[in-house]
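# Fold and contact review
Spelled out, the chains give:
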Amino acid sequence: MQNDVIQKSLEHFKGILEDQLQRVERLKKSADWIDYSKVKPVIIGVIGGDGIGPYIADEAKRALTFLLKDEVDSGNVVLRTIEGWTIEKRAEVKKAIPDDVLAEIKKCHICLKGPTTTPKKGDKWPNIESANVAMRKELDLFANIRPVRVLSEGIDWTFFRENTEDLYALGNRGLDVTDDLAFDFKVITTQGSDRIIRAAFDYAKANGKKRVTAVTKANVVKATDGKFLTVFYEIAKGYPEIEADDWFIDIMTAKLIDTKRRTQFEVFVLPNLYGDILTDEAAEFQGGVGTAGSANVGKQYAMFEAIHGSAPRMVDEGRAQFADPSSMLRASSMLLKHLGHKEKGEQLGMALDICGTYEQKFKLTGRSDGATGREYVDYVMETIQRDDLKEKWERLTGARQPA
Ligand code: IPM
Ligand code: MG
């Protein structure tokens, strides 16, 4: 009996090893970065997702259409809505990404995505893989970039979370060996670490940042986190002008609430799960996960999304129009910058700081006593058009506009 169990488990593990060894070979031959300036038209897919997703995605699309008016008019940019990536449809076809949706996504160069419900054990949905996780793997969106800033408190962080490996890589291929024994697998590769760490250092260099901090638990999780850390210090040698240091995830979590120390961090790079957790904590200082945008960037595709859930209760209670579109607007700002429309991205970012953090003419409460998402986006668009946008932003934040 015990031999049978071991044999079956070994078979399972063998399959995983074969797949991962092949994956490493694919990573070694990885493609070049897409150059958006050479693509015409650039197709931007807007994906609603579930719950409040379609509401806030529509609002973000309105803001993007406004900001990209000239490009859309000249045919350089096309904005396209992609339907059908809903939990109902995913449950029906029992797939994280229905085939027709995936085909549509692949026709776009870049996407903006609303939240998608992640089924978990015990709820009413079949136990399909998370749509986000599947998409990151499918399109090889290895860099999860999450900025958090409260400039008036000296917080200006950019997280580079590895997005395709670690405990997530095989999250749906864990093993119930017996009723009493379960295994999950943590995967870290040299190539997967190399590309995210390089992206973090390149970003630091291009944006005048002086420090890159790696976060692991390499004192305990020695093989995988140990590899990540070794690659980190190897790559750091190529960037002598940038200070490289590393922290363990537990003390890093604590240091983010240490008001004296936290202002000294600039760019973080970390494996998937630590990045998932630390970025939620970080976003809380800025006003919560609802205010944070997120970029999933690969060499060929990129997808920008909210980092919060789909709030189905708001839809059930008829409150979807009061949902806060800020996260999708933050994601849109990142999308614009990623496409090379740096100034437009900055303008949207400044307007969001003014409207959401400082001036707050319209407050979103998620209920009828607050503004609707539509009113809020109108307010943001009006703010962008102010002649004194930059001066106002500098006055309110006490910061200078990033160069
Ligand atoms: C995120 C989310 C996802 C993740 C979930 C929805 C699978 O928490 O984007 O941070 O864990 O990556
Ligand atoms: Mg998360």
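Parameters at a glance
- Residues numbered from 1 in each chain as written.
- Chains lettered and ligands numbered in written order.
- Predicted model: local features only at pLDDT ≥ 70, side-chain atom pairs only at ≥ 80, totals over all residues.
- Heavy atoms only, no water.
- Helix = DSSP H or I, 4+ residues; strand = E, 2+ residues; numbered from the N terminus.
- Contact = heavy atoms within 4.5 Å.
- Pairing = 2+ DSSP bridges.
- Axes fitted to C-alpha atoms, helices over the stretch in contact; angles between N-to-C directions.
- Domains from an automatic or database assignment.
- Buried area = accessible area lost by both parts, 1.4 Å probe.
- Salt bridge = Lys/Arg side-chain N within 4 Å of Asp/Glu carboxyl O.
- Polar contact = N/O pair within 3.5 Å; in protein donor to acceptor, adjacent residues only side chain to side chain.
- Near = heavy atom within 4 Å.
- Nonpolar A, V, L, I, M, F, W, Y, C, P; charged D, E, K, R; others polar.
- Parallel < 35°, antiparallel > 145°, perpendicular 65-115°, else oblique.
- Left-handed = near helix turned anticlockwise from the far one by under 90°.
- Expected span 1.5 Å × (residues − 1).
- Buried < 20%, exposed > 50% of the residue type's maximum accessible area, 1.4 Å probe, protein only.

## Things to note about the environment of Lys-94
- Inspection of the secondary structure assignment puts Lys-94 in the loop between helix 4 (87–93) and helix 5 (99–106).
- With 35 residues separating them in the primary sequence, Lys-94 and Glu-129 have C-alpha atoms 9.2 Å apart.
- Not counting chain neighbours up to four residues away, the residues in contact with Lys-94 comprise Pro-126 and Ile-128.

## Details of the sheet that holds strand 11 (residues 293–297)
- Pairing is mixed in the open sheet, where ten strands are placed in the order 2-1-3-12-11-4-5-10-8-9. The open sheet has two edge strands with one neighbour each: strand 2 (77–82) and strand 9 (243–248). For this sheet, the mean inter-axis angle between neighbouring strands, taken without regard to orientation, is 20 degrees.
- Running over the sheet, helix 7 (residues 190–206) touches strand 4 (143–150), strand 5 (155–162), strand 8 (211–216), strand 9 and strand 10 (267–270) and is turned about 160 degrees from strand 5.

## Considering the domain arrangement of the protein chain
- Looking at the protein chain, the domain boundaries give domain 1 (31–141 + 298–403) and domain 2 (149–287).
- Computed over C-alpha atoms, the centres of domain 1 and domain 2 are 24 Å apart.
- Here domain 1 meets domain 2 over a buried area of about 1300 Å², counting both sides, of which 44% is carbon and sulfur.
- On the surface where domain 1 and domain 2 come into contact, there are two salt bridges.
- Where Asp-353 meets Arg-149, a salt bridge forms, and the shortest distance between an N and an O atom there is 3.0 Å.
- At the surface where domain 1 touches domain 2, the tally comes to five residue pairs in polar contact (both at pLDDT 80 or more).

## Examining the site of ligand 1
- As a structural note, the neighbourhood of ligand 1 is formed by Thr-118, Ser-130, Val-133, Arg-136, Arg-146, Arg-161, Tyr-168 and Asp-276.
- Here an oxygen atom of ligand 1 sits 2.8 Å away from a polar atom, N or O, in the side chain of Arg-146.
- Contacts to ligand 1 include Tyr-168, whose side-chain N or O atom sits 2.6 Å from an oxygen atom.
- Along the lines of polarity and charge, the residues of the shell around ligand 1 split into two nonpolar, two polar and four charged.
- In terms of domain composition, the shell around ligand 1 takes at least three residues from each of domain 1 (31–141 + 298–403) and domain 2 (149–287).

## A short note on the packing of helix 13 (residues 342–358) against helix 14 (residues 373–384)
- The interhelical angle for the contact between helix 13 and helix 14, taken along N-to-C directions, is 120 degrees, at an axis separation of 9 Å. As summarised for this structure, helix 13 and helix 14 are arranged oblique, according to the angle between their axes. Crossing of helix 13 against helix 14: the hand is right-handed. Facing helix 13, whose interface residues are Gln-347, Leu-348, Ala-351, Leu-352, Ile-354, Cys-355 and Gly-356, helix 14 presents Tyr-376, Tyr-379, Val-380, Thr-383 and Ile-384.
- In terms of residue class, the contact of helix 13 with helix 14 is built from nine nonpolar, three polar and no charged.

## Section: helix 14
- The end-to-end C-alpha separation of helix 14 is 17 Å, in line with the 16 Å expected for twelve residues at 1.5 Å each.
- Within helix 14, the full set of buried residues consists of Gly-373, Tyr-376, Val-377, Tyr-379, Val-380, Met-381, Thr-383 and Ile-384.
- Of the surrounding secondary structure, the elements contacted by the buried residues of helix 14 are helix 2 (53–67), helix 12 (326–339), helix 13 and helix 15 (389–397).

## Focus: the environment of Lys-137
- Within the secondary structure, Lys-137 is located in helix 6 (residues 131–138).
- Along the chain, Lys-137 and Gly-298 lie 161 residues apart, while their C-alpha atoms are 9.9 Å from each other.
- In contact with Lys-137, not counting residues within four places along its chain, are Glu-129, Tyr-168, Ala-169 and Asn-172.
- Only 2.9 Å separates the side chain of Lys-137 from the backbone oxygen of Ala-169, close enough to count as a polar contact.

## Some remarks on the packing of helix 2 against helix 14
- The N-to-C vectors of helix 2 and helix 14 enclose an angle of 20 degrees; their axes lie 10 Å apart at closest approach. Of the possible angle classes, the one that applies to helix 2 and helix 14 is roughly parallel. Between helix 2 and helix 14 lies a crossing whose hand is right-handed. From helix 2, Glu-59, Arg-62, Ala-63, Phe-66 and Leu-67 reach across to helix 14, where they touch Gly-373, Arg-374, Val-377, Asp-378, Met-381 and Ile-384.
- Looking at the contact of helix 2 with helix 14, its residues break down into six nonpolar, one polar and four charged.

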